[in-house]
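As a plain string of letters, each chain reads:
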Amino acid sequence: MSDLVEVVTAALDTHEIHYERHASDGPETVLVLELPGERKLKTAVQLSVGRQGVRFESFVCRRPDEDFEDVYRYLLQRNRRLYGIAYTLDNVGDIYLVGRLSTESTTADELDRYLGQILEAVNQDFNQLLELGFHTAIRKEWAWRTSRGESLKNLRAFEHLIEKDDHASESDIAET
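Reference entry: report on the structure contained in this document. Keep in mind it's a predicted model, so treat the numbers as computed, not measured.

Reading guide: rules and limits
- Residues numbered from 1 in each chain as written.
- Predicted model: local features only at pLDDT ≥ 70, side-chain atom pairs only at ≥ 80, totals over all residues.
- Heavy atoms only, no water.
- Helix = DSSP H or I, 4+ residues; strand = E, 2+ residues; numbered from the N terminus.
- Expected span 1.5 Å × (residues − 1).
- Buried < 20%, exposed > 50% of the residue type's maximum accessible area, 1.4 Å probe, protein only.
- Arc of directions from axis to C-beta.
- Contact = heavy atoms within 4.5 Å.
- Axes fitted to C-alpha atoms, helices over the stretch in contact; angles between N-to-C directions.
- Left-handed = near helix turned anticlockwise from the far one by under 90°.
- Nonpolar A, V, L, I, M, F, W, Y, C, P; charged D, E, K, R; others polar.
- Core = buried A, V, L, I, M, F, W, Y, C linked by side-chain atoms within 4.5 Å.
- Phe/Tyr/Trp six-rings, centres within 6.5 Å; stacked < 30°, edge-to-face > 60°.
- Pairing = 2+ DSSP bridges.

### Considerations on helix α1 (residues 2-14)
Here is step 1: Taking 1.5 Å as the rise per residue, α1 with 13 residues should run 18 Å; its terminal C-alpha atoms sit 18 Å apart, in good agreement.
Here is step 2: Among the residues making up α1, those that are buried are L4, V5, V8, T9, A11 and L12. Buried positions in α1, seen along its axis, are confined to an arc of 155 degrees and lie on one side of it. Turned more than 90 degrees from where α1 packs its buried face, D3, E6 and T14 sit exposed.
Here is step 3: Buried residues in α1 make contact with β1 (19-22), β2 (29-36), β3 (42-50), β4 (53-61) and α3 (108-148).
Here is step 4: A positive backbone phi angle near 55 degrees is found at E16, which sits one or two residues after α1.

### So, the packing of α1 against α3
For any two helices packed against each other, the geometry comes down to the angle between their axes and how far apart the axes lie.
Here is step 1: Here α1 crosses α3 at 65 degrees, and the two axes come no closer than 9 Å. Taken as a pair, α1 and α3 cross one another with a handedness that is right-handed. Between α1 and α3, the residues in contact are V7, V8, A11 and L12 and A108, L111 and L115, respectively.
Here is step 2: By residue class, the composition of the contact of α1 with α3 is seven nonpolar, no polar and no charged.

### Topic: the nonpolar core
Here is step 1: One finds L12, L33, L47, F56, Y87, L97 and L115 to be the most contacted residues of the largest nonpolar core, which totals 44 residues.
Here is step 2: With 13 residues, the single largest contributor to this core is α3.
Here is step 3: Apart from the residues within four sequence positions on either side, L47 is in contact with V8, L12, T29, V30, L31, L33, V54, R55, F56 and L115.

### Re the packing of aromatic side chains
Within a pair of aromatic rings, the relevant descriptors are the distance that separates the centres and the angle that separates the planes.
Here is step 1: One pass over the full model with this rule turns up four aromatic pairs.
Here is step 2: Ring plane angle 80 degrees and centroid distance 5.8 Å describe the contact between Y83 and Y114, whose orientation is recorded as edge-to-face. Of this pair, Y83 sits in the loop between α2 (68-79) and β5 (85-89) while Y114 sits in helix α3, and the two are 31 residues apart along the sequence.
Here is step 3: The exposure class of Y83 is partly exposed, given its relative accessible area of 39%.
Here is step 4: Judged by its relative accessible area of 7%, Y114 falls in the buried class.
Here is step 5: Aromatic ring contacts, followed pair by pair, group F56, Y83 and Y114 into a single cluster.

### Some details on the sheet that holds β2
Paired through their backbone hydrogen bonds, the strands of a sheet run either parallel or antiparallel.
Here is step 1: As summarised here, the arrangement of the six strands in space is β1-β2-β3-β4-β6-β5, forming an open sheet in which the pairing is antiparallel. The outermost strands of the open sheet, each flanked by one partner alone, are β1 and β5. On average, each strand axis in the sheet is inclined to that of its neighbour by 25 degrees, with strand direction left out of account.
Here is step 2: The sheet contact formed by β2 and β3 spans eight bridges and is antiparallel.

### Some remarks on the environment of G116
Here is step 1: Locating G116 in the fold gives a position in helix α3.
Here is step 2: Residues G116 and D25 lie 91 residues apart in sequence; the distance between their C-alpha atoms is 28 Å.

### Focus: the pairing of β2
Here is step 1: Across four bridges, the pairing between β1 and β2 is antiparallel. Bridge pairing in β2 links Y19 to L33.
Here is step 2: Taking the residues that link successive antiparallel strands as the turn, the β1-β2 hairpin has six residues.
Here is step 3: Linking β2 back to β3 in an antiparallel pair, the connection comprises five residues.

Just distances and angles here, no functional claims.
Structure (structure tokens):
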């Protein structure tokens, strides 16, 4: 197993990915790293390196507040196009990406491919998941910040939700 840990840490060092070793309840070595992103600024990934290979786990977002069916449909459809990883839920409904690499398949290139797929998935899907599962909260946050003159910088990606509401309100007024 120490050889596998060396393969993993050497690959992370080569790609200049900072990681920390964390305590583990079992015999595996746990490494935690942070990938820089665009839509989600930081994506934490836990690598559990054991006798059977490497297990990847990355928190994506908390349990949706609404429209669970739409969120889960999106995740299942997205799973069809992912390489080596898949969306899953924990026992409270929070959304994660998980994957496994066998000992024999664990190479620097394959680790890079898996981490790249995690980063690509989170960057592509994060705003869509928020829009599907938290649209009411986004609208409330927008209204609250607007009323107080607060910055809307990190909500700009969802401005179309507000514009859609504004157009719907204008249509309602025109019909009366």
